[in-house]
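# Overview (structure and organization)
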Amino acid sequence: MPWYLVLIIVILVGGGAFAGGMYYGMKRRQQISEAAIGSAEEEAKRIVNEAYKAAEARKKEVLLEGKDEIHRLRNESDKELRERRNEVQRQERRIQQKEETLDKKLENYEKKEEQLNNKIKQAEARLAETEELKRCQMDLMERISGFTAEQAKEHLLKSLDSELVHEKAAKIMEIEQQTKDEANEKARNIISLAIQRCAADHVAEATVSVVVLPNDEMKGRIIGREGRNIRALETATGVDLIIDDTPEAITLSSFDPVRREIARIALERLITDGRIHPARIEEMVDKARREVEATIKAEGEKTVLEAGVIGLHHELVKTLGRLRYRTSYGQNVLKHSLEVSFIAGLMASELGLDPASARRAGLLHDIGKALDHDIEGSHVSIGVDVARKYKEHESIIHAIHAHHGDVEAQTVLACLVQAADAISAARPGARRENVENYIKRLQKLEEIANSFPGVERCFAIQAGREVRVMIKPEVVKDEGMILVARDICNRIENELEYPGQIKVNLIRESRAVEYAK
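The shown structure was predicted, so the numbers you read here are calculated from the model rather than taken from an experiment.

### A short note on the overall build of the protein chain
The number of helices and strands found in the protein chain is 14 helices and eight strands. Looking at the protein chain as a whole, 28% of its 517 residues are labelled buried. Intrachain contacts of the protein chain at a sequence separation of at least 6 include 60% that bridge at least 24 residues. Accessible surface for the protein chain amounts to roughly 35,800 Å². Of this, 54% is attributable to carbon and sulfur atoms.

Structure representation (structure tokens):
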């Protein structure tokens, strides 16, 4: 037999055996699966039966618990109902007692009202009797005197008026003079006490606008090639640098004192460092600006703390710090504001007012001067706008508005700030005035006094704080001197600007000279 037939027979026999094995395996698996499904169904039925029995048992337990809870709640409700019923009964008894008491009081009031009505009737009867008696007496007096009541009253008033005119005038003058003396004395005491207790630093400062150079060669380095360094410095700071023939010095010119201070610090550091070029200039200016801003904030916080003012907006504190670099006639405005705050607070304490409000108004009265280089308008109007922006009280805003007389002072606080501002500005050494303006003010003062008829000569003395006027006795009488003095004061107030007050002293005298020969 050929070998390939043997191979085919072997393959067929193997295939048949494999097919038989597969059929037997599949049959066996089917039997096992059917047995497993049957046991699973029985297990499921058992589990369902057990779950049903457990649910029935749980149901009975829940029903029992519910019945117990209902019984408990019912007992609590019955108890609460009994308590409320008892409380209502107590309230009813109390109300009944109050009603009985009110009935008794009402009965007593009715009795008293009846008694009062009886007394009123008796009083009315007696009043009518008195009026009748008075009328009879008046008729008798009119018949005896020959005057009616109106005629007698008029005659008496005329006689009294003529007798009392002089005494009335003298008494009025005496009271006015006494009141004036007492008011002046009290005002002087309050102001002098406030000045004595004021502890502000009385130092007048001037903003530095000149930078000293180590040598004149430094001017060329500051100017730089084709002026690039000086242009960079002026652009970064907003300050004009004036380099002239002044030896070893450069002048900084700017209306803004803060910018001028930044430029001064940056320029001094550039000179010390020696590296002067546009990039280094911008770096130094930025550092100087941060330093000045930190100084401004620190000065503002220090001043607020020293003045004892609390609750001030942080932007107002920074704005106050800017006043450190602002001067007025040589007087540092921040020191002036602190001084005004102290004086106003002390005067308010002496008058029994709120010193905290007075110190706050005094500290903020010149706040507009910190911004008048950046915003159009007077420092008063700027200060009012700033204070209103940061929600200051209306009394503080009014004091700021009225401290230079832009509006009439309506509160005592505004008057205190006016007085404190004048005291701080007018005290000796507070402000410096150049000679030209000083001479012009004295000349204008004498010119105003000489312009009135009847003035013979006048002299401005006491550094312009007093003008002494010689009056022609044949032109101006004694009673007319008061009017002349008042007119001169009005002209001075309207036409001159001056710190403090000016005394107008009129002198009138008649002299008779004869020579014995």
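### Some remarks on the pattern of salt bridges
Counted under the stated rule, the structure contains 22 salt bridges. Between aspartate 273 and arginine 275 there is a salt bridge, with its nearest N and O atoms 2.9 Å apart. The exposure class assigned to arginine 275 is partly exposed, which follows from its relative accessible area of 47%. Among the salt bridges present, the one from arginine 468 reaches glutamate 466, with a minimum N-O distance of 3.2 Å.

### Quick word on the sheet that holds strand 7 (residues 466-471)
Within the open sheet, the three strands sit side by side as 6-7-8. Their pairing is mixed. The sheet is open, and its two borders are formed by strand 6 (455-461) and strand 8 (503-508), each paired with just one other strand. Strand-to-strand twist of the sheet, defined as the mean angle between neighbouring strand axes without regard to direction, takes the value 20°. Both strand 7 and strand 8 contribute to a ladder of six bridges, which runs parallel. By the bridge assignment for strand 8, methionine 470 is matched with isoleucine 507. The sheet strands contacting helix 14 (residues 478-495) are strand 7 and strand 8, and the helix crosses strand 8 at an angle near 150°.

### What to know about the nonpolar core
In a soluble, globular protein the nonpolar side chains are often hidden away together inside. Counting 40 residues, the largest nonpolar core has Val304, Leu312, Leu320 and Leu364 as the members making the most contacts within it. Contributions of two or more residues to this core are made by helix 6 (278-307), helix 7 (314-322), helix 8 (333-350), helix 9 (355-364), helix 10 (379-389), helix 11 (394-402) and helix 12 (412-426). With nine residues, helix 8 is the single largest residue contributor to this core. Every residue in contact with leucine 320, bar those within four places of it in the chain, is listed here: Val304, Leu312, Leu334, Leu363, Leu364 and Ile367.

### What to know about a nonpolar patch on the surface
Together, Leu5, Ile8 and Leu12 give the surface a local cluster of nonpolar side chains, amounting to about 280 Å² of exposed area. Its location among the elements puts isoleucine 8 in helix 1 (residues 3-145).

### Focus on the side chain of glutamate 299
Assignment of secondary structure puts glutamate 299 in helix 6. Here glutamate 299 falls in the buried class, since its relative accessible area comes to 19%. Apart from residues no more than four positions distant in its own chain, glutamate 299 is found in contact with Gly321, Arg324 and Leu334.

### Quick look at the sheet that holds strand 2 (residues 240-242)
Taken together, the three strands give an open sheet; going across it, the order is 1-3-2, and neighbouring strands pair in antiparallel fashion. Lying at the two open borders of the sheet, with one neighbouring strand each, are strand 1 (210-212) and strand 2. Pairwise comparison of adjacent strand axes, ignoring direction, gives a mean angle of 25° for this sheet.

### Describing the pairing of strand 3 (residues 249-253)
Direction of pairing for strand 1 relative to strand 3: antiparallel, over a ladder of three bridges. Following the sheet pairing, valine 212 is matched in strand 3 by alanine 249. As defined by bridge partners, strand 2 adjoins strand 3 across three bridges and the pair is classed as antiparallel. From the neighbouring strand, aspartate 240 faces strand 3, where its bridge partner is serine 253.

### Concerning the confidence of the model for the protein chain
A low pLDDT score tells you not to read the predicted coordinates there in detail. In the predicted model, the protein chain carries a mean pLDDT of 80, and 85% of its residues have values of at least 70. Note on residues 198-208: pLDDT under 50 across the span, and 28 contacts to partners over four residues away in sequence or across chains.

### Quick word on unusual backbone geometry
We note that glutamate 226 has phi near 55°; this positive angle belongs to a residue other than glycine. On the secondary structure map, glutamate 226 appears in the loop between helix 3 (217-223) and helix 4 (228-237). Residue glutamate 226 is classed as exposed on the basis of its relative accessible area of 71%. In this model, lysine 391 sits at a positive phi of 65°, which is unusual for a non-glycine residue. The residue lysine 391 is located in the loop between helix 10 and helix 11 in this model.

### Looking at the packing of helix 9 against helix 11
With their axes 9 Å apart at the nearest point, helix 9 and helix 11 run at an angle of 45° to one another. The angle between the axes of helix 9 and helix 11 places the two elements in the oblique class. In the packing of helix 9 onto helix 11, the handedness of the crossing is right-handed. Between helix 9 and helix 11, the residues in contact are Ser357, Arg360, Ala361 and Leu364 and Ile396, Ala399 and Ile400, respectively. Broken down by class, the residue content of the contact of helix 9 with helix 11 amounts to five nonpolar, one polar and one charged.

### With respect to the packing of helix 6 against helix 8
Two packed helices can be described by the angle between their axes and the distance between those axes. Running from amino to carboxyl end, helix 6 crosses helix 8 at an angle of 15°, the nearest separation of the two axes being 10 Å. The pairing of helix 6 with helix 8 is recorded here as roughly parallel in orientation. Helix 6 and helix 8 meet at a crossing whose hand is right-handed. Residues Glu299, Thr303, Glu306 and Ala307 of helix 6 form the contact with helix 8, whose participating residues are Leu334, Leu338, Ser341 and Phe342. Residue composition of the contact of helix 6 with helix 8, grouped by class: four nonpolar, two polar and two charged.

### Points about the side chain of histidine 365
Mapped onto the elements, histidine 365 comes out in the loop between helix 9 and helix 10. Here histidine 365 falls in the buried class, since its relative accessible area comes to 0%. Once you skip the residues sitting within four places of it in the chain, histidine 365 turns out to touch His336, Ser337, Val340, Ile400, His403, Val417 and Asp421.

### Regarding the environment of glycine 464
Summarising the element assignment, glycine 464 is placed in the loop between strand 6 and strand 7. Classification of glycine 464 as buried rests on a relative accessible area of 2%. Residues glycine 464 and isoleucine 439 lie 25 residues apart in sequence; the distance between their C-alpha atoms is 9.2 Å.

Conventions adopted
- Residues numbered from 1 in each chain as written.
- Predicted model: local features only at pLDDT ≥ 70, side-chain atom pairs only at ≥ 80, totals over all residues.
- Heavy atoms only, no water.
- Helix = DSSP H or I, 4+ residues; strand = E, 2+ residues; numbered from the N terminus.
- Buried < 20%, exposed > 50% of the residue type's maximum accessible area, 1.4 Å probe, protein only.
- Contact = heavy atoms within 4.5 Å.
- Areas by Shrake-Rupley, 256 points an atom, 1.4 Å probe, with all protein chains shown as cover.
- Salt bridge = Lys/Arg side-chain N within 4 Å of Asp/Glu carboxyl O.
- Pairing = 2+ DSSP bridges.
- Axes fitted to C-alpha atoms, helices over the stretch in contact; angles between N-to-C directions.
- Core = buried A, V, L, I, M, F, W, Y, C linked by side-chain atoms within 4.5 Å.
- Patch = residues over 30% accessible without salt bridge, like charges linked within 9 Å, V, L, I, M, F, W, Y side chains within 5 Å.
- pLDDT = per-residue confidence, 0-100.
- Parallel < 35°, antiparallel > 145°, perpendicular 65-115°, else oblique.
- Left-handed = near helix turned anticlockwise from the far one by under 90°.
- Nonpolar A, V, L, I, M, F, W, Y, C, P; charged D, E, K, R; others polar.

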